[in-house]
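# Chain and residue survey
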Amino acid sequence: MKQLCMRIASVIPLAFISLLALTGPVAAQSLDQTLSDIFAPLGSALSSFVFYEIEVNGVAIPLVVIWMVIPLFMLTIYFGFANIKPRSFKQAWKVLRGRYHDPAAPGEVTQFQALSTALSGTIGIGNIAGVAIAIAWGGPGATFWMILIGLGAMSVKFAEATLGVKYREEHADGTVSGGPMYYLKNGLKARGWPKLGLFLAFSYAIVGIPTLLQWATVNQMFSQFRLTTGFQSGAVFGVILAALTAAVILGGIKSIAKVTARLVPFMAGIYLITALGVIAFHIGGLPDAVLTIITGAFSPEAVEGGILGVIIVGMRRAVYSTEAGLGTSSMAHSAAKTREPASEGMVALMEPFIDTIVVSTITALVIILTGAYQLRLEGYDDIQITSAAFTSVIPWFKWLLMVAVLLFGFSTIISWGYYTEKIWTFVVGETKWSIYGFRTIFSIALIPGGVLTATQVFDLIDSLFFMLAVPNVIGLYLLAPVVKAELKSYFARVKSGEIQENKPVISQPAKESAS
């Protein structure tokens, strides 16, 4: 904690100087407009390329969405529906409680901390703003398709985390590097395709570096902050957020894991208690809300493209929320202390379940029960729909929501700082200068996120994220037999007693490191 405070102190001068330079109303508005003029056309052009559409019965369907949805269901069937079997949930719970904890195992953080880091990258803006955007674009029925995609996403997350641990690389100082770059390179090499593995690994890395632009998260954080406080400068907000982010990520994965292990349960608690309070206030309308979701999924009104249009919207937002198929969270899972790849796969199963099936569904119910979803007809299309839903019950709820949004968003940003750093170092090497140089660039690059519109931001960020799925999904198909073998072997050894339970172990804070 002392080192964290010192890092915060070290970046306060940067934030203060930038604040003095930008706080003049004319200067702030001018900078906001300049940044918007530069980046808005880029997002529009990239979105047109990535989301190339084909028409089916008059409905435009992006090819990349189909590409990401197919493995959700193919891998679910191939793994024998392990994602929804009670034994998988039971085993995941035991692992998270520390029943199989091995302090001597390779890795940098506990399996609970790895899940917290991964969840902090998915639970956040996708659940609060993403659900509102899905409902704004596709109506209440989009929620149904988000839940369905969440179930399939559990299988993909299991595969990615299992491969991440199995093919990670251990360094002399005890740190590890894992994720799609490594399981594509090392996994395909082990299967006899070394050149293909290198090609896919570097393709993923080159596409992945631009995802350091976490503008969607910054944008929706600022949208809620502005709505609640009246503060107008997105650029100034970005500068302050950049300074706070640098204070955490300069400490590396152990610092990030320590923050997220405390922040994720706290922020989830705040949000869920508040949301359940709203639902309780409207409990009499709950059956009608569920019916609205179901009927909207199969007989949508006023939605472009009809049923297929709703499905596409739900798929697009669910994939963004869960990140299944992108491979990103496998980088956090790769850092877990374990000798059993499939055990971390069990832990990763819980991500989409918590993220989409629980948190996103609760958000959707809040929006529908309060009638806030009707605001989409008035042009609202982002987190302000969620905010309106909460404040319709108790006006000061918007302050609680703002706190939850800021915490959710901040945890997402610092987790993605770790993900994109691993991609960066895979390409340029893990030298001290490259690592600290990247962390500085990542923090500064947050600044423009608050000045663009929701559509501009999500066009750009969705495009960058979805491009990651091309090399990653190819690798998942080719390495699926490896994952299936790990799954079968793991449960056989658990059943035989070869893998034995320990006494429950509470997650222990890891010592901070600069790397």
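The residue numbers shown here count from 1 along each chain, following its written sequence. Totals for whole chains, interfaces and linings use every residue, but because this is a predicted model, local features are given only for residues with pLDDT of at least 70 and side-chain atom pairs only at 80 or more, for both listing and counting. Values shown for side chains rest on all heavy atoms present in the structure; no hydrogens or waters enter the calculation.

Helical segments are the DSSP runs of H or I of at least four residues, strand segments are the runs of E of at least two, and each set is numbered from the N terminus. What the protein chain contains, in helices and strands, is 20 helices and 4 strands. Residue burial in the protein chain is summarised as follows: out of 515 residues, 60% are buried. Working rule for contacts: check all heavy atoms of both residues, and any pair within 4.5 Å makes them a contact. For the protein chain, the share of sequence-separated contacts (at least 6 apart) that also reach a separation of at least 24 residues comes to 85%. Buried, partly exposed and exposed residues are distinguished by accessible area as a fraction of the type maximum, computed with a 1.4 Å probe on protein chains only: under 20%, between the cut-offs, and over 50%, respectively.

Turning our eyes to something else, we now look at the packing of aromatic side chains. Each Phe, Tyr or Trp ring (for Trp, its six-membered ring) is paired with any other whose centre lies within 6.5 Å, and the angle between the two planes then decides the class: stacked below 30 degrees, edge-to-face above 60, tilted in between. Applying the stated criterion to the full structure yields 16 aromatic pairs. For the pair Tyr-78 and Phe-79, a centre-to-centre distance of 5.7 Å together with 55° between the ring planes defines the contact as tilted. Here Tyr-78 falls in the partly exposed class, since its relative accessible area comes to 33%. Looking at Phe-79, the relative accessible area reads 6%, which means it is buried. Here Phe-225 and Phe-237 contribute two aromatic rings whose centre-to-centre distance is 5.3 Å and whose plane-to-plane angle is 40°, an arrangement assigned as tilted. Of this pair, Phe-225 sits in helix α10 (residues 215-229) while Phe-237 sits in helix α11 (residues 234-249), and the two are 12 residues apart along the sequence. Taken together through their ring pairs, the aromatic side chains of Phe-222, Phe-225, Phe-231 and Phe-237 make up a single cluster. Ring-over charges, as used throughout, are those where CZ of Arg or NZ of Lys falls within 6 Å of the ring centre and within 35 degrees of the ring normal. In this structure, Lys-166 packs its charged tip against the face of Tyr-167, placed 5.7 Å from the ring centre. Geometry around Tyr-436 places Arg-439 over its ring, the cationic atom sitting 5.2 Å from the centre.

What follows is about the nonpolar core. In this structure, Ile-367, Ile-461 and Phe-466 are the most contacted members of the largest nonpolar core, which totals 146 residues. At 19 residues, helix α20 (residues 454-496) tops the list of elements feeding residues into this core. Residue types Ala, Val, Leu, Ile, Met, Phe, Trp, Tyr and Cys, when buried and joined through side-chain atoms within 4.5 Å, form a set referred to as a nonpolar core.

For the rest of this paragraph, the subject is unusual backbone geometry. Its identity is not glycine, yet Phe-81 carries a phi of approximately 55°, on the positive side. As for its placement among the helices and strands, Phe-81 is situated in the loop between α3 (63-78) and α4 (86-96). Exposure remark for Phe-81: the relative accessible area of 40% places this residue in the partly exposed category.

Glancing now at the packing of α11 against helix α19 (residues 432-444). Axis geometry follows a simple rule: fit a line to the C-alpha atoms, using only the stretch in contact for helices, then measure angles between N-to-C directions, giving values from 0 to 180 degrees. At a minimum axis separation of 8 Å, α11 and α19 run at an interaxial angle of 155°. Classified by the angle between their axes, α11 and α19 sit roughly antiparallel to one another. In this structure, the crossing between α11 and α19 has a hand that is right-handed. Taken together, the residues of α19 that come into contact with α11 (itself represented by Ala-242, Thr-245, Ala-246 and Ile-249) are Arg-439, Phe-442, Ser-443 and Ile-444. Here roughly perpendicular refers to angles of 65 to 115 degrees, roughly parallel to angles under 35, roughly antiparallel to angles over 145, and oblique to all remaining angles. Two helices that cross are described as forming a left-handed crossing if the nearer one is turned anticlockwise from the farther one by less than a right angle, and a right-handed crossing if clockwise.

Next up on the list: the pattern of salt bridges. By definition, a salt bridge exists where a carboxyl oxygen of Asp or Glu is found within 4 Å of a side-chain nitrogen of Lys or Arg. In total, this model carries 8 salt bridges according to the counting rule given. Of the charged contacts, one joins Glu-486 and Lys-166 as a salt bridge, the two residues approaching to 2.8 Å between their closest N and O atoms. Linking Glu-486 in helix α20 with Lys-166 in helix α7 (residues 142-166), this pair joins segments that are 320 residues apart in sequence. A residue is classified by how much of its surface remains accessible, and Glu-486, at 14% relative accessible area, is buried. A salt bridge links Lys-185 to Glu-169; the nearest nitrogen and oxygen atoms lie 2.9 Å apart. Placement of Lys-185 in helix α8 (residues 180-190) and of Glu-169 in strand β3 (residues 169-170) is noted, with a sequence separation of 16 residues between them. Relative accessible area serves as the criterion here: at 21%, Lys-185 is assigned to the partly exposed category. Beyond isolated ion pairs, a larger network of salt bridges with shared partners links Lys-94, Arg-99 and Glu-501.

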